[in-house]
Amino acid sequence: MDPARSTITVTQRGLGGSYELVERRADGSLVLRPERELLSEVLRETEGSVFRDEGFIAHLERVAATEDDLAADAAE
């Protein structure tokens, strides 16, 4: 892992997730880029969870943004 690389975790509804810090601006603002999670990690973290309403939508968006690291037969 690059020692200069920083990761920011945001918990705000609709924006939650891990982000890579790309730039620190002179005015104090940060430029962030979403960090890609592995699908296996999301599945392991949320196994057995029950999602409702906005939580379900947020979970689907999170899954859609993952990098699929599962073998074709493991998803079945």
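These lines cover the structure that appears in this document, whether it is placed above or below. (Residues numbered from 1 in each chain as written. Predicted model: local features only at pLDDT ≥ 70, side-chain atom pairs only at ≥ 80, totals over all residues. Heavy atoms only, no water.)

1. Some remarks on the packing of helix α1 (residues 39-46) against helix α2 (residues 53-64)
Orientation of α1 relative to α2, taken along the N-to-C sense of each, is 150°, at an axis distance of 9 Å. By the angle between their axes, α1 is roughly antiparallel relative to α2. Residue-level contacts link L39, V42, E45 and T46 of α1 to H59, R62 and V63 of α2. A per-class count over the contact of α1 with α2 returns 3 nonpolar, 2 polar and 2 charged. (Axes fitted to C-alpha atoms, helices over the stretch in contact; angles between N-to-C directions. Helix = DSSP H or I, 4+ residues; strand = E, 2+ residues; numbered from the N terminus. Parallel < 35°, antiparallel > 145°, perpendicular 65-115°, else oblique. Contact = heavy atoms within 4.5 Å. Nonpolar A, V, L, I, M, F, W, Y, C, P; charged D, E, K, R; others polar.)

2. Let's talk about α1
Since one α-helical turn is 3.6 residues long, residues separated by three or four positions face the same way. Every buried residue of α1 is listed here: L39, S40, V42 and T46. When α1 is viewed along its axis, its buried side chains cluster within an angular range of 165° and face the same direction. Away from the buried face of α1 by more than 90 degrees, exposed residues R44 and E45 are located. Elements that come into contact with the buried residues of α1 comprise α2. Just downstream of α1, G48 is the residue with a positive phi angle, here 85°. (Buried < 20%, exposed > 50% of the residue type's maximum accessible area, 1.4 Å probe, protein only. Arc of directions from axis to C-beta.)

3. Observations concerning the pattern of salt bridges
In total, this model carries 4 salt bridges according to the counting rule given. Linking E20 and R33 is a salt bridge whose minimum nitrogen-to-oxygen distance equals 3.5 Å. A residue pair is termed long-range when its members are at least 10 positions apart, and E20 in strand β2 (residues 17-24) and R33 in strand β3 (residues 30-34) qualify at 13 residues. The closest approach of N and O atoms between E45 and R62, which form a salt bridge, is 2.9 Å. Placement of E45 in helix α1 and of R62 in helix α2 is noted, with a sequence separation of 17 residues between them. On the basis of relative accessibility, which here comes to 24%, the residue R62 falls in the partly exposed class. Overlapping salt bridges bring together E37, E45 and R62 as one network. (Salt bridge = Lys/Arg side-chain N within 4 Å of Asp/Glu carboxyl O.)

4. Remarks on the pairing of strand β1 (residues 7-10)
Looking at chain direction, β1 and β2 are connected through 4 bridges and run antiparallel. Within β2, the residue paired with T9 across the bridge is S18. (Pairing = 2+ DSSP bridges.)

Just distances and angles here, no functional claims.
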